[in-house]
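Structural features, examined
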Amino acid sequence: MWKPLKNNPELDLLRKMLNRLYRDRAAFVALVVLIGLYLAVALADLLAPYSESHFDRTLAKAPPTPIYMLDEGGGLSWPYVFRYQKSYNPATFTQEFSPELDQKYYLRLFPAAEPYKLFGLIPGNIRLLGVEAPAQISLLGNDINGRDVFSRMLYGGQISLTIGFLSLFIVFPIGMVYGGLAGYFGGKVDELMMRFAEIVMSIPSFFLLIGLAAILPPGLPSTQRFALVVLILAFIGWAGLSRVIRGMVLSIKNEEFIDSSRAIGLNPFTIIVRHILPQTTSYLMVAMTLSVPGYILAESGLSFLGLGIQQPDASWGNMLKEAQDISNIIERPWMLMPGFLIFMAVLAFNVVGDAVRDILDPKSRVARR
């Protein structure tokens, strides 16, 4: 039966954490940033002006579209944009974009668009914001293929921000159970299991991923490549967690309540899962918040190196790869926006993780002072 909400220790712990995070300004701001990022990428189909695959080659490398709110007389007007016209400048040997001022294109709320399924379940065909063709609204400009950077940034975040949690769903159950069994049984079982974990930890992950990329067929869909990246990162990551859990179990298994569980005849697996591993919850909550940034950076780095998500599918890593050219950095700095979002997400996770550690382990806060 369900415990009453007022006597539920798990909810009490969650309520305590939220109250402390609310009082910590830096942690609260970081939490709001994370919630905003995840909401934005979850609602990408609604918020993005265009689909992930939409492109217009005539507007390749176009700068961000200015939005005007004043009319010719200086009065307020409904927001509008001008259509860009591309021209070639023979003096500088470059393509230039200039607005056609003869016609205004007013922004439209909830215009009809290509069909999609929000969250993969809810069918829809509207966008939050749009503009009538042939004009285009590009809040962060276009890339070299004429694709809207802002739209692809939202879709790319769905991969870059979810890969960490997907990996954790594999890493933490394996690491907890494996480390729990090793620590509980001890002796030769512990030694054998830990030696295997050390072998896994000694595998050079970077070269493993390079080898994986070499043997994968070039036309492998990004969804399958994404699944393989998740599995590889999880396969490498569980061993380190298992060693920490094993050490915690060694210190817990001799407590009186564990001896009582043995005395009433509970089997070892039940004791580990129901009585020992829950004692590691505080550490696991901190480890989860501090591990996600590593997976985000790993996926972004792999995609940047061409080993992760491939074009035309978007991720923050392969979008950042397109911006590495010095001409893009100087002339089209808006293409660096995915790198800024990676920085913000990693920083926010680290700040929240640090605050959660202080809440669950006050001794660490006192020690740092």
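Notes on the structure follow. (Residues numbered from 1 in each chain as written. Predicted model: local features only at pLDDT ≥ 70, side-chain atom pairs only at ≥ 80, totals over all residues. Heavy atoms only, no water.)

1. Some remarks on the sheet that holds strand E6 (residues 129-131)
Backbone hydrogen bonds hold the strands of a sheet together, and the pairing may be parallel or antiparallel. Read from one edge of the open sheet, four strands run E1-E2-E3-E6, paired in antiparallel fashion. Two strands in the sheet have a free side with no partner beyond their single neighbour: strand E1 (68-70) and E6. Direction aside, neighbouring strands of the sheet carry axes that sit 45 degrees apart on average. Bridge analysis of E1 against strand E2 (residues 76-89) gives two bridges, and the strand direction is antiparallel. The residue of E2 that forms the bridge with Leu70 is Leu76. (Pairing = 2+ DSSP bridges. Helix = DSSP H or I, 4+ residues; strand = E, 2+ residues; numbered from the N terminus. Axes fitted to C-alpha atoms, helices over the stretch in contact; angles between N-to-C directions.)

2. Let's talk about the pattern of salt bridges
Under the counting rule described, the total for this entry stands at eight salt bridges. Close ionic contact of Arg147 with Asp143 constitutes a salt bridge, the shortest N to O distance being 2.9 Å. Residue Arg147 shares its accessibility class with Asp143, and that shared class is buried. Across the salt bridge formed by Arg195 and Glu198, the nearest N and O atoms sit 2.8 Å from each other. Separated by three residues within a single helix, Arg195 and Glu198 lie in helix H6 (residues 187-201), roughly one turn from each other. Look at Arg195 and you get partly exposed, because its relative accessible area is 39%. On the basis of relative accessible area, Glu198 is assigned to the partly exposed category, the value being 31%. What emerges from the salt-bridge pattern is a single network uniting Asp143, Arg147 and Arg152. (Salt bridge = Lys/Arg side-chain N within 4 Å of Asp/Glu carboxyl O. Buried < 20%, exposed > 50% of the residue type's maximum accessible area, 1.4 Å probe, protein only.)

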